[in-house]
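Now for the letters of each chain:
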Amino acid sequence: MSTRQSTVPASDTLPAPMALKQRYQAWISSYMTRLAYENKTAEWVVIVLFFSGLLLWDAIPVDWAIARWSLIFHLLAGLIVFPLTTGLFWVAHRRLMLTSDKGVLRKTGAFLDAIIGTCFVSGLVLTFLGETGNLPSNLTADAHWLSGLILGPLMLVHAWRYSVLRFKK
Amino acid sequence: MNTSRHLITLSILFLTLVSLSIPSQASPPTATPVSSGSLQWSDDKQWIYSANLWQGSISKLPADITNPAHAQPNELILGQDIRRIAINSHQSELLATDYLGNEVILVDTKNWTIKQRITTGKRPFGVVYQASHNRYWVSLFENHQIIAIQEGEIIATIDTAETPRGLALTSDNRLLVTHSMKGQLSIYSVDNIPTEASKTITLNVNQNKDEFTSQGLPRELDDIAISPDEKEAWLPHVLWNFDHEFQFQSTIFPAVSVIDLITETERVDHRKELFKTINIVDNKNRTRIVSNPHDAEFSDSGKKLYITLAGSDDIVIFDRSRVGKSNKKRHRRKKHRGGVKATQIYRHTPGQNPRGLLLKGSHLWVQQSIPQTLALFDRGGDNAFDRVSLLEPSWAQLATITSSENINKGRAFFHSANTDLNPEHPIAGDFWMSCNSCHQDGFNFTNLYLMEAYGQDKHQDSRVGHPGLSNMVSGDFVTDYVNIIQKTQGGMGEDDRDGALPLKASEAMGTIMGDMMNLHQFVTLPHNLPFLATWLKLDGEQRTHPKAWTNSAQCAECHQDMFDQWADSNHRLMGESNPYFMAVLNAAGQTEGEDFKDWCLGCHMPSNVMSNLPLKTEGHMFEKNGASLKRALENNQGDIDEGTSCLFCHRITDIEDAGGNASFTVNLIDREHYVGETHTDSAVMQWLSSRQINSKPKRHKDSYMKPFYTDPKLCKTCHNEFAPGTGALIVNTYGEWENSSFNNPEDPSKHRTCIDCHMHGDIERIGEDIPGLSTDRGTPKKNVVTHQFTGANHHLVGLRNKKLEDMSLQLLRSSATVEQRLEGRLEPSQQIIQQPGQASNQNQTLIVKINNVGAGHDLPTGVADFRQFWIEVTATDADNNIVLSSGYTDDKGNIETNARLFMKVFGDTEGKPVGLLFWRYAQLLSDTRIPADGFREEQFPLPNNTTYPLTVKTRLLYRIYPQWVTDAVQTGQPDLPTPPIVELLSLESQFSP
C-alpha cells in the first residue's frame with residue numbers, strides 16, 4: 001500500500017467547524033498582530049481618562065456642574081471603552097514590549113503593566129464597592145489616584161516616538 | 001538791603017504758608033454722623049440713591065428738581081430684597097444689603113454695574129460706611145452679628161445681642177446698633193475692630209394698669225437718626241403690649257426713644273409717645289393716631305425732625321427749635337412734659353408705606369414703597385410754625401414694579417393701617433396698626449419674639465396672638481383674615497367711628513373677598529408661609545415633583561444600619577401608619593377645614609405637603625424593616641416615604657427659629673446631585689448614580705450634611721408647637737430642655753442634647769460614645785448617631801420591633817426615681833412609743849416624691865394630654881387592711897378619677913378641656929408635669945386608725961394613650977392592639993411608728 005503525501009492543506013481535511021475555528025484563530029492572530037502596532041485609539045482613551053480623572057481630583061477646583069459629567073464619563077469610559085480599546089491593545093502589544101531590544105521600553109512597559117492593572121482594578125473596586133471610608137477603600141482610592149496620575153506621563157515616556165500628542169513629526 | 005528785605009519777605013511768606021499747611025495736614029478728614037437708610041445722598045448731594053426693597057433693585061437719580069431726568073431714574077437689579085445702601089467717600093462704589101438673598105453687593109456707581117457679590121450670614125440689613133477706615137459695617141439681623149467689609153472681603157465678624165438691624169456711625173467712630181426685637185441699642189467703638197459692645201442700653205419698659213395708655217416693650221427698632229450736634233440719637237419703634245388679650249387700641253403703640261449720646265443713656269422722660277408728646281387733636285376732637293414709625297431724619301440745623309409712619313401713611317414732625325433754650329427757673333415748678341413735641345402730622349403721604357427720607361434745603365423727599373415712588377415735599381422751614389406741604393406726589397418712579405398687581409395689593413394690605421384708604425371696610429380702625437406692627441417683614445424668625453413678649457397668665461389666657469378665630473386661619477382663611485383685622489386691628493367695621501360698615505366675618509364677599517385673596521397671595525409668598533398652616537418652606541420651587549423623593553430604601557444600599565433603625569421607627573411611620581395621628585388629623589380636618597391639616601402634616605408627612613399629594617388610605621402599622629419601600633424599589637415604583645425620610649431630613653437646608661411648627665426650609669433641587677440621581681423611577685439611572693456615589697462620595701456626603709444637624713434647634717422645629725393664629729404654645733420641649741441642667745455646653749460631661757439621648761445606640765450608656773459606622777464599610781466613627789429615634793411611644797414601635805420598644809421603655813425607666821415617706825409625726829420629745837399593731841392617733845400623711853432625674857425636659861413632654869404618667873399607691877396596715885389606694889384602673893382600662901397623673905390639661909376659651917382638639921388651647925387648666933431636674937410630691941393623708949407597721953407600695957405607671965382615645969381610634973382601626981399599662985418603677989417600703 002503506497003502512501004501519498006497530501007498536498008491539500010490540513011484545514012481542508014478537517015471537519016467544517018474545526019476549519020472555522022482555525023480561520024477564526026488566524027484572523028484573531030492577524031488582528032492582534034496588527035493591533036499591537038495601532039496605538040492611537042488606546043492612547044487617546046488613556047489621555048481622555050487621565051484628564052477626566054484629573055477633573056475629579058479635589059485639589060483641582062472644578063465646578064460640580066462640570067465635575068459630575070466628568071465623573072459619569074470617566075466611569076463609563078473606564079468600564080466599557082477602556083477594556084475594549086486600551087485593554088485589547090495592551091494584550092496585543094505586550095509581546096512586543098516584552099521582546100523589545102530596547103531596555104527602556106521593556107522596563108517602562110513592565111511598569112505600565114503594573115500601573116494599568118492597578119488603575120483598572122482599583123477603578124473597578126471603587127465603582128462597585130465604593131470609597132466608603134474604611135482603610136481598604138481609602139487605600140484603593142489612593143492607588144487609583146496615584147496609578148492614574150503616573151499612567152499618563154509614563155505612557156508618554158514609554159512611547160513618545162509614536163504618541164498621538166507628537167504633532168510635529 | 002534789598003536782598004535782606006526780600007529774604008525777610010520770603011521768610012514771612014514761607015512761614016505763613018507752612019503755618020497754613022500744618023493744620024490741614026494734622027486734622028482728620030471732616031466726618032459727619034451717618035446712618036443706615038434706604039435713601040442716601042451722594043457726598044455732594046447731587047445724586048439720590050435708593051434701595052428699592054422687595055423690587056430687588058437700586059436706583060440713582062439727580063437731586064436737581066429742575067432736571068427732568070429725575071423722573072426716570074437709572075435702576076439696577078441686584079437681587080431679591082435690597083434693604084439698605086451705603087456709599088463710599090469717593091462715591092465710586094456702594095454696598096447694598098440683600099435681605100432675602102443673604103448677600104451684600106458692591107456696585108460700581110460710575111459704570112452702574114455689579115462689582116462683587118459677598119455671601120453673608122442670614123438677613124443682612126443695615127449698612128454704613130466708615131470713611132476713616134474705608135470699610136463698611138453690615139448688620140446680620142437673623143445671625144445676630146455685625147460684619148466689617150473692606151476691599152471686598154469680610155474682615156471681621158462680631159457676635160452681638162440679638163437682632164441687630166439699624167446702624168449709625170458717629171464722627172468719633174462709635175457704631176450704634178439697634179436690636180430690633182430686643183429693644184436695645186449697642187454702642188461699639190470702631191476705631192479698631194471691637195470684640196464686643198462697649199455699652200448696651202436696654203430701652204425702658206413701662207407698664208400701666210390702664211391698657212389704653214401708651215406702654216409696652218420697645219420692639220421693631222430700625223434705623224437711627226443722630227442729631228447734627230451728635231448729642232442725641234432718635235430711635236423710631238413700636239411698643240408691644242401683650243399682657244392682655246389683643247385689642248386694637250391697647251396692643252400696639254407708636255414711639256420714638258431718645259438716647260443721650262453724651263452719657264450713653266436713654267432719656268426715658270423724652271420718649272415720644274401717643275397721647276403724650278404725639279398728641280395732635282384733629283377736627284373730630286380725637287387724638288390723631290399714627291402707626292409704625294419707620295425712619296427719621298433731622299434737618300441740617302437740627303431744629304426739625306421728620307419721621308415716616310409706615311402704617312398710617314403719615315409724616316410726623318417734631319419741632320426742636322426750643323431745645324436748649326428752656327429757662328430752668330421758669331419751669332422749675334412745672335411737671336416735666338417729655339421735651340420736644342410733635343407739631344404736625346402730615347396726613348397722608350400720597351403713596352402707601354412711606355419709608356426712607358432725605359432732606360436738602362427746604363425740600364423733603366419721601367420714599368413710598370408700595371408704588372415705589374419718591375414724593376417731594378416743601379418742608380416749610382425750621383421755624384416752629386412752618387408746615388410741610390406736598391409739592392409732587394410722584395416726583396420719581398424709583399423702580400419698575402415686577403410683582404403681580406394682586407401681590408402688590410396684598411403687600412400693601414399687610415403693611416397698611418391707613419383707615420382712610422377704604423373708610424367703609426378699612427384694614428385697621430383709627431390708623432392703629434398693621435400686620436407688620438407685629439409680624440416684622442412678614443412671617444419669619446421674628447415670630448419667636450412675639451411668643452417671648454407674651455405676658456399673660458397662661459391659666460387665664462394662653463394665646464399670644466389673635467383671639468376669636470373661626471378655623472385657625474388656614475381652615476377658612478378669608479373669614480379668619482377678617483376676624484383678625486376686626487379683633488386685632490379694629491378694621492372691617494369693628495371701629496365704626498369713621499364710617500366703617502358692619503361686617504360679619506363669615507360673610508365677606510365681593511371686593512372684600514378680593515382684598516383678602518390678595519392679602520393671602522402675599523402671605524403665601526415663598527418667604528412667608530407658602531403652605532399657610534405650617535411654617536414649612538421650600539427653597540426655589542413651589543412644589544416638589546413626587547419623583548424627586550428618593551426612596552429611602554435606596555439609601556440602604558450603603559447605609560443599611562441607618563435604614564434598618566429608621567424603617568421601624570416612629571419617625572418614619574408617623575403618618576398613615578399611626579392610627580392615633582390619623583384620628584386627630586381627621587378631627588382637625590373636620591373641625592377646622594381640610595387645609596388646616598397641613599399644620600399637622602408639615603411635620604408628620606412633609607413630603608406629601610411639598611408634593612401636594614393626598615394621603616394613602618392604608619398605612620404600614622405592622623410593617624417590619626421597610627418592606628413596602630424595598631418592594632417599591634425593586635419594582636421601580638415611586639414611593640413618597642411616610643414621615644421624615646432620609647432625603648427629607650438630609651435636605652433641610654435652613655432652619656428658622658420661629659418657635660416650631662416645621663419652621664425649616666427644604667431644598668431638593670440645589671443639591672450637588674449625580675447624573676441620573678433624580679431619575680428615581682429608572683433602575684438603570686439609579687444604578688449608575690449609585691456607582692458614581694460609590695466612586696466619589698464626598699459630594700454626596702457634603703450635599704446631605706449641614707452643620708446645624710446636631711443643633712437641638714433642628715429638633716425644635718417640630719418638637720415645639722404653637723397654635724396657628726392664636727400663637728398658644730402647645731408643646732415647648734425645647735424650652736424645657738433649654739432651661740434644664742442638661743443644657744450645659746460649658747461642661748461637656750453634663751451637656752446632653754436631643755441626639756445624645758434619642759439617637760443613641762445604647763440607652764444604658766447614654767453619655768458615652770458608641771463607636772460604629774454610619775456607612776457600610778465606612779469610616780469608623782468615635783460615636784455613631786443612630787436613627788431609631790428612641791422616644792416615649794414604645795407601643796407603636798413595638799408592633800414592629802421589640803428591640804426598639806425595649807429601648808423606649810429603658811429610656812422611660814431611666815427618667816425618674818421614686819421616694820416615699822410619712823409626715824406629720826410628732827417631734828422626738830413628743831413621740832409616743834407605739835407598739836406594733838397599735839393605732840396611730842395622729843394625722844399622718846404619705847408623701848410620694850417623683851424626681852425627674854433623666855429626662856432633659858418635662859416628664860412627660862409633648863402633647864402631654866395624651867401621655868398618661870401616674871402613680872399607683874397601695875398602703876396596707878398591720879392588720880392587712882388596705883388603708884389607702886390610688887391610681888387603679890377599672891375593668892375597662894380607665895384610670896380612676898382621683899389618680900395622681902402628671903400631665904397638662906388644655907382648656908378652650910370657655911375653660912372646658914379641649915380633648916383631641918388641642919390646637920384650640922386657650923387656657924391652661926392644670927399642669928402637673930414634672931420639670932427637668934425637678935420633682936413633684938403627692939400627698940396622701942392616712943386614716944387616723946392606721947395600724948403600724950404600714951406597707952406602702954408605689955408604682956410609677958405609664959400608658960402611651962388614654963383608654964378613651966384608644967377606644968375612639970379602634971373604631972376606625974380595629975386591629976390596633978390596646979396599649980398596655982407599663983410599670984416604670986416600683987417601690988415598697990414599710991413604715992414603723
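Residues numbered from 1 in each chain as written. Chains lettered and ligands numbered in written order. Predicted model: local features only at pLDDT ≥ 70, side-chain atom pairs only at ≥ 80, totals over all residues. Heavy atoms only, no water.

Trainee: Lay out the nonpolar core in plain terms, naming residues and giving numbers.
Mentor: The tendency in soluble globular proteins is for nonpolar side chains to be buried side by side. Residues and elements named next belong to chain B. Membership of the largest hydrophobic core comes to 82 residues, with the highest contact counts inside it found for Ile652, Val666, Leu846, Ile850, Phe918, Leu950 and Leu956. Looking at this core element by element, the count peaks at six residues for helix H9 (residues 579–592). Counting the residues that make up this core, at least three belong to each of domain 2 (538–710) and domain 3 (815–991). Phe141, Leu239, Ile252 and Leu450 belong to the second largest nonpolar core, which has 40 residues in total. (Core = buried A, V, L, I, M, F, W, Y, C linked by side-chain atoms within 4.5 Å. Buried < 20%, exposed > 50% of the residue type's maximum accessible area, 1.4 Å probe, protein only. Helix = DSSP H or I, 4+ residues; strand = E, 2+ residues; numbered from the N terminus. Domains from an automatic or database assignment.)

Trainee: Give a description of the domain arrangement of chain B that names residues and reports values.
Mentor: Partitioning chain B into domains gives domain 1 (32–196), domain 2 (538–710) and domain 3 (815–991). Relative to domain 2 of chain B, the C-alpha centre of domain 1 of chain B lies at a distance of 40 Å.

Trainee: Give a description of the packing of aromatic side chains that names residues and reports values.
Mentor: To describe a pair of aromatic rings, you give the distance between the ring centres and the angle between the ring planes. Evaluated as defined, the whole model comprises 40 aromatic pairs over all chains. Measuring from ring centre to ring centre gives 6.0 Å for A:Phe128 and B:Trp687, while their planes differ by 50 degrees; the resulting arrangement is tilted. Pair noted here: A:Phe128 is in helix H5 (residues 103–128) and B:Trp687 is in helix H14 (residues 683–695), and the two residues belong to different chains. One cation-aromatic arrangement involves B:Arg165 over B:Phe141; the distance from NZ or CZ to the ring centre is 4.7 Å. A cation over a ring is seen here: B:Arg867 above B:Tyr961, with NZ or CZ 5.3 Å from the ring centre. (Phe/Tyr/Trp six-rings, centres within 6.5 Å; stacked < 30°, edge-to-face > 60°. Lys NZ or Arg CZ within 6 Å of the ring centre and 35° of its normal.)

Trainee: Give me the lowdown on a nonpolar patch on the surface, citing residues and values where you can.
Mentor: Taken together, A:Leu76, A:Ile80, A:Val81 and A:Leu84 make up a surface patch of nonpolar side chains, about 330 Å² in accessible area. Within the fold, A:Val81 resides in helix H4 (residues 64–99). (Patch = residues over 30% accessible without salt bridge, like charges linked within 9 Å, V, L, I, M, F, W, Y side chains within 5 Å. Areas by Shrake-Rupley, 256 points an atom, 1.4 Å probe, with all protein chains shown as cover. Salt bridge = Lys/Arg side-chain N within 4 Å of Asp/Glu carboxyl O.)

Trainee: Report on the state of the cysteines, specifying residues and quantitative values.
Mentor: All names here are of chain B. Applying the stated criterion to the full structure yields one disulfide over all chains. Each disulfide pairs two cysteine sulfurs, and for Cys603 the partner residue is Cys718, the sulfurs being separated by 1.9 Å. A torsion of -100 degrees about the S-S bond marks the disulfide between Cys603 and Cys718 as left-handed. Placement of Cys603 in helix H10 (residues 597–604) and of Cys718 in helix H16 (residues 712–719) is noted, with a sequence separation of 115 residues between them. Under the relative-accessibility criterion, Cys603 is labelled buried at 13%. The closest cysteine sulfur to the non-disulfide-bonded Cys600 is located on Cys603, 9.5 Å from its own sulfur. Cysteine Cys715 remains unbridged, with the sulfur of Cys754 as its closest cysteine sulfur at 3.7 Å. (Disulfide = S-S within 2.5 Å.)

Trainee: How would you sum up the sheet that holds strand S32 (residues 537–538) of chain B? Please name residues and give values.
Mentor: All names here are of chain B. Pairing in this open sheet of three strands is mixed, and the strands run S32-S34-S33 from one edge to the other. Two strands in the sheet have a free side with no partner beyond their single neighbour: S32 and strand S33 (652–655). Summarising the sheet, S32 and strand S34 (residues 664–666) pair through two bridges and their orientation is parallel. Residue pairing for S34: Leu538 is matched across the bridge by Val666. Where H16 meets the sheet, it contacts S33 and S34, and its direction lies at approximately 85 degrees from that of S33. (Pairing = 2+ DSSP bridges. Contact = heavy atoms within 4.5 Å. Axes fitted to C-alpha atoms, helices over the stretch in contact; angles between N-to-C directions.)

Trainee: Just give me the short version of the interface of chain A and chain B, but keep the residues and values in it.
Mentor: Each partner contributes residues to the interface: chain A has 19 residues there, and chain B has 19 residues. The largest contributions to the chain A side of the interface with chain B come from A:Trp64, A:Arg68 and A:Thr132, which together make up 31% of the buried area. Along the contact surface separating chain A from chain B lie one salt bridge. In this structure, B:Lys696 engages A:Asp58 in a salt bridge whose closest nitrogen and oxygen atoms are separated by 2.9 Å. Summed over the shared surface of chain A and chain B, the number is twelve residue pairs in polar contact (both at pLDDT 80 or more). At the level of elements, H4 and H5 of chain A are the ones that each hand at least two residues to the side of chain A that touches chain B. (Buried area = accessible area lost by both parts, 1.4 Å probe. Polar contact = N/O pair within 3.5 Å; in protein donor to acceptor, adjacent residues only side chain to side chain.)

Trainee: I'd like a description of the environment of B:Val952, backed by residues and values.
Mentor: Residues and elements named next belong to chain B. Along the polypeptide, Val952 turns up in strand S45 (residues 950–959). A relative accessible area of 0% places Val952 in the buried class. Apart from residues no more than four positions distant in its own chain, Val952 is found in contact with Gln820, Leu846, Val873, Thr874, Ala875, Leu987, Glu988, Ser989 and Phe991.

Trainee: Any chance you could break down the confidence of the model for chain A for me, citing the residues and the numbers?
Mentor: Low pLDDT marks regions whose predicted coordinates should not be analysed in detail. Mean pLDDT over chain A stands at 85; residues scoring 70 or higher make up 90%. Counting contacts from residues 1–8 of chain A, a segment whose pLDDT is below 50, to residues more than four positions away or on other chains yields one contact. (pLDDT = per-residue confidence, 0-100.)

Trainee: Hey, could you go over the sheet that holds strand S44 (residues 935–941) of chain B for me, with residue numbers and the actual values?
Mentor: Residues and elements named next belong to chain B. Across the sheet, three strands lie side by side as S37-S38-S44; this open sheet has antiparallel pairing. With partners counted over all chains shown, the strands left at the sheet margins are strand S37 (816–823) and S44, one partner each. Geometrically, the sheet is characterised by an average inter-axis angle of 20 degrees between neighbouring strands, direction not taken into account.

Trainee: Kindly report on the pattern of salt bridges, identifying the contributing residues and their values.
Mentor: Residue and element names in this part refer to chain B. This model, assessed by the stated rule, comprises 57 salt bridges over all chains. Between Arg83 and Asp441 there is a salt bridge, with its nearest N and O atoms 3.2 Å apart. Residue Arg83 is found in strand S6 (residues 82–87), and its partner Asp441 is found in the loop between helix H3 (405–415) and helix H4 (447–452); the two are separated by 358 residues along the sequence. There is no split in this pair, since Arg83 and Asp441 are both buried. Each of Asp81, Arg83, Arg84, Arg165, Asp222, Asp223 and Asp441 takes part in salt bridges that share partners, so that together they form one network.

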